[in-house]
Amino acid sequence: MSVAAQPLTSEDPALSPWWLRTVLIVMVLGFAGLIVITSLAYRNAPPIPAQVLDAQGIRLFTGDDISEGQAIFLKYGLMNNGSIWGHGAYLGPDYSAEALHRIGEDTATVIAQQQYQLPLVALTPGQLAAVYAQTAVELKANHYDAASATLHLTMPESAAYRRQITYWTDYFLDPARNGGLKRGLISDPTELYQFTAFVTWTAWASVTNRPGENYSYTNNFPYDPSVGNTPIPGALLWSALSLIVLLAGIAIVLLMFGKFDYLGWISTGQHVHLHLLPGQASSGQLALVKFFVVMALLFLMQTLVGGAVAHYRADPGSFYGFQLERLFPSNLMRTWHLQTAVFWIATAYIAAALFLGRSLRNDEPRWFVGWIHLLFGAFVVVIGGSLLGEWAGISQMLGQWWFWLGNQGWEYLELGRLWQCLLIVGLLVWFAILLKLVQPDTLSESTAKPLVRLFLLASLAIPVFYIPALFFGAKTNFTVVDTWRFWIIHLWVEGFFEFFATTMVALMFYQLGLTRRNVALRVIYLDAIAIPHKWTFYFLMSVGFWNFVGAGIFGFLINLPIVSYYEVGTQLTPNHGHAAMMGVFYSALYR
């Protein structure tokens, strides 16, 4: 592709500096809020006791056992089987909720025997209500001594903990009962003991009241009225405030687009020059074709393993008569389903950005093709190595190296720490190539400089905001880890990936002569898409539809605190995720 330079005219005066100032204000306020929330996560995370004692003062397990149990949960890829506090997969149970409910039932059974000398099934409705009320009182009482870092469990809680070990041993034996895990996935008695310690701690944090409050460390999640876990008033308050803010935001958008006719893609009454002319692709652009081939293969792999995951949910006991879990268990399939999605999206964006960067100049630097080959080789190593490492890690072939070379176990961030580091390095090298490629003195068209600056800023955000993936380990407090996962999933994927996509589309449409430079700049600032061009417009209509329905309607459906409290662990979450992906990231296939 080649470009046709156009002189700067009065049609494109400098934009008001308040566009950039407003963006900076929003970013400063937003990141200030995120930093405060993250610091509160460190301060308010549920404590991990140094030791846990039963009613007679006998030690049941230690803080090290809890941490080791969390590492076991991750090492075996169980976050892609079930979940903890609602975060994870939907093939298996929420381990914290399952443990909590069983502890509640065991506690209620003991109370029923003490008060009525009857089993639960023999109680009258009034007696049963009294028993569960007493159960909630006992489980809500916080028996953690911060001074000695000791947690004291009551007699029923201690008995329930001991029964948990047998329960989880049985759970891992049968793929038909556990969502398609490898038969006997965890059989070592020490690992089962430590895993049970971890899920028991998560259950305790779910129900016991935070000091000085009348709700638990998890804001009474999961919902389980038999142990006193019901929504807190704040969930309703923030849900109502969310609706008010949504309506106010819609009103502001309608007001702005009604008052200012230059917002959006349309350049009414203005002639727009074509800056990107069709022609023979350069050698560098041809060298990028292999990226798109890999992207298509990864997309195909994602759909195939996604089908296997869906089959595991419908029929976890067998795969058309074949025991697929022996080679490719469900937790591995879901790990690959998530990671191939991240990789094909990243591969598409990397190649598209380099292709677009090359189109901004007439000449092609001699070093460009060589660096494309090198970058491609590096990404093949990272993608192939991490996918194989996840298989080897979940299969327990890597020993103590599972965290670095295999499967870290954190949902969406499963790839081993070494592969994460290499991915960040590769993305930084990619940004350096872009930066060198679109130096101001090499651009064929000086009027594109403001767009290029935003394009580079969005490109830099991709490697920078993946770095928080390195801020935690296998034994970091679960609350702290989930806070950083929020940064990655909702800020990196749903924030800066989309901002990067907007800058690419705006720059591409400007070069195609479909919109003026200032219109493209305003759209980047507003982060919105609409364009008058037949087939492109049809495509973007479909993308916009699924973006609005999947990310907008389905996303808003689950994001109200009171809705999220009840729906976590249901199909509403993957419904949002898959529909939103149709709009947010399938545009990468088009590009």
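Note that this is a predicted model, so its numbers are computed, not measured. (Residues numbered from 1 in each chain as written. Predicted model: local features only at pLDDT ≥ 70, side-chain atom pairs only at ≥ 80, totals over all residues. Heavy atoms only, no water.)

### Here we look at empty space enclosed by the protein
- Tallied over the full model, the rule gives six cavities of 30 Å³ or more.
- Roughly 80 Å³ of volume is contained in the largest cavity.
- Of all the secondary-structure elements, those providing two or more residues to the lining of the largest cavity are α3 (95-116) and α7 (189-207).
- When grouped by side-chain class, the residues that make up the lining of the largest cavity number seven nonpolar, one polar and one charged. (1 Å grid on protein atoms, 1.4 Å probe; cavity = no way out; pocket = protein on both sides within 12 Å on 5 of 7 lines; lining within 4 Å. Points joined across faces, edges and corners; volume = space filled by probe spheres on them. Helix = DSSP H or I, 4+ residues; strand = E, 2+ residues; numbered from the N terminus. Nonpolar A, V, L, I, M, F, W, Y, C, P; charged D, E, K, R; others polar.)

### Some details on the pattern of salt bridges
- Throughout the structure, instances matching the rule amount to nine salt bridges.
- For R162, the salt bridge is made with D54, and the minimal N-O distance between the two is 3.2 Å. In this pair, R162 is assigned in helix α5 (residues 155-171) and D54 in the loop between β2 (51-53) and β3 (59-62), connecting sequence segments 108 residues apart.
- We classify R162 as partly exposed; its relative accessible area is 42%.
- For D54, a relative accessible area of 3% puts it in the buried group.
- As a salt-bridge pair, D482 and R485 come within 2.6 Å of each other at their nearest N and O atoms. (Salt bridge = Lys/Arg side-chain N within 4 Å of Asp/Glu carboxyl O. Buried < 20%, exposed > 50% of the residue type's maximum accessible area, 1.4 Å probe, protein only.)

### Quick notes on the packing of helix α10 (residues 289-314) against helix α11 (residues 330-358)
- Two elements in contact, α10 and α11, have axes whose closest approach is 8 Å; the angle formed by their N-to-C orientations is 155°. Taken together, the axes of α10 and α11 lie roughly antiparallel to each other. Note that α10 runs across α11; the crossing there is left-handed. (Axes fitted to C-alpha atoms, helices over the stretch in contact; angles between N-to-C directions. Parallel < 35°, antiparallel > 145°, perpendicular 65-115°, else oblique. Left-handed = near helix turned anticlockwise from the far one by under 90°.)

### Topic: the packing of aromatic side chains
- By the definition in use, this model includes 41 aromatic pairs.
- Consider the rings of F73 and F198, whose centres lie 5.7 Å apart with planes at 45°: the pair is tilted. A residue pair is termed long-range when its members are at least 10 positions apart, and F73 in helix α2 (residues 63-75) and F198 in helix α7 qualify at 125 residues.
- With a centroid separation of 5.2 Å and an interplanar angle of 75°, the aromatic rings of F291 and F376 are classed as edge-to-face. Taken together, the positions of F291 in helix α10 and F376 in helix α12 (residues 367-394) put the pair 85 residues apart, joining distant regions of the chain. Accessibility assignment for this pair places F291 and F376 in one class, buried.
- The ring of F376 has K290 sitting right over it, with the charged end atom 5.5 Å from the ring centre. (Phe/Tyr/Trp six-rings, centres within 6.5 Å; stacked < 30°, edge-to-face > 60°. Lys NZ or Arg CZ within 6 Å of the ring centre and 35° of its normal.)

### Focus: the sheet that holds strand β6 (residues 144-145)
- Overall, mixed pairing links the four strands, which are arranged β3-β2-β7-β6 in an open sheet. Strands with a single pairing partner mark the edges of an open sheet, and in this sheet they are β3 and β6.
- The sheet contact formed by β2 and strand β7 (residues 150-152) spans three bridges and is parallel. Note on β7: the bridge partner recorded for V52 is L151. (Pairing = 2+ DSSP bridges.)

### Re the pairing of β3
- Bridge analysis of β2 against β3 gives three bridges, and the strand direction is antiparallel. Residue pairing in the sheet places L53 in a bridge with R59 of β3.
- Here β2 hands over to β3 after five residues, with G57 in that stretch at a positive phi of 85°.

### Some remarks on the confidence of the model for the chain
- Scored by pLDDT, the chain has a mean of 86; 88% of the residues are at 70 or more.
- Contacts of residues 1-10 to residues separated by more than four positions or lying in other chains number 34 contacts, the stretch itself having pLDDT below 50.
- Ignoring residues within four places in sequence, the model shows residues 587-591, a span with pLDDT below 50, making 18 contacts including any to other chains. (pLDDT = per-residue confidence, 0-100. Contact = heavy atoms within 4.5 Å.)

### Observations regarding the environment of G63
- Relative to the elements of secondary structure, G63 occurs in helix α2.
- For G63, the residues in contact, after removing those within four places along its chain, are I48, P49, A50 and Q51.

### Structural notes on the side chain of S158
- Summarising the element assignment, S158 is placed in helix α5.
- Taking the relative accessible area as the measure of exposure, S158 reaches 3% and is therefore buried.
- Those residues in contact with S158 that sit more than four places away from it in its chain are D54, A55, L60 and L153.

### Observations regarding α11
- Compared with an ideal rise of 1.5 Å per residue, which puts 29 residues at 42 Å, α11 spans 42 Å between its outermost C-alpha atoms and is within 8% of the ideal.
- Extensive coverage of α11 is indicated by the burial of 28 of its 29 residues. (Expected span 1.5 Å × (residues − 1).)

### Concerning α2
- End to end, α2 covers 18 Å across 13 residues, agreeing with the expected 18 Å (1.5 Å per residue, within 8%).
- Counting buried residues in α2 gives eleven out of 13 residues, a clear majority hidden from the surface.
- Here α2 has its buried residues at G63, D65, I66, S67, G69, Q70, A71, I72, F73, L74 and K75.
- With a side-chain oxygen positioned 3.3 Å from the backbone nitrogen of D64, the residue opening α2 is T62.
- G77 occupies a position one or two residues after α2 and carries a positive phi of about 65°. (Polar contact = N/O pair within 3.5 Å; in protein donor to acceptor, adjacent residues only side chain to side chain.)

### Topic: the packing of α3 against α7
- The geometry of α3 relative to α7 is characterised by a closest axis approach of 8 Å and an angle of 75° between their N-to-C directions. Here α3 lies roughly perpendicular to α7, going by the angle between them. Counting all contacts with α3, which are made through Y95, S96, A99, L100 and I103, the residues of α7 involved are F195, V199, T200, T202, A203, S206 and V207.
- Of the residues contributing to the contact of α3 with α7, the split by class is eight nonpolar, four polar and no charged.

### Some details on the nonpolar core
- Ranked by size, the top nonpolar core spans 132 residues in total, and within it F73, L78, Y95, F172 and W430 carry the most contacts.
- If one sorts the elements of this core by residue count, helix α16 (residues 478-511) sits on top with 19 residues.
- In this structure F172 touches L78, Y95, N178, L181, K182, R183, G184, L185, I186, L192 and F195, once residues within four positions along its chain are discounted.
- Listed in part, the seven residues of the second largest apolar core include I111, A112, L120 and L123. (Core = buried A, V, L, I, M, F, W, Y, C linked by side-chain atoms within 4.5 Å.)

### Side note on unusual backbone geometry
- The step from F221 to P222 runs through a cis peptide bond, and the omega angle for that step is 5°.
- Tracing the chain through its elements places P222 in the loop between α7 and α8 (233-259).
- Located in the positive-phi region is Q396, a residue other than glycine, with phi close to 60°.
- On the secondary structure map, Q396 appears in the loop between α12 and α13 (402-405).

### Description of the environment of A352
- Within the fold, A352 resides in helix α11.
- Note on A352: relative accessible area 8%, which makes it buried.
- In this structure the C-alpha to C-alpha distance between A352 and A501, which are 149 residues apart in sequence, comes to 9.9 Å.

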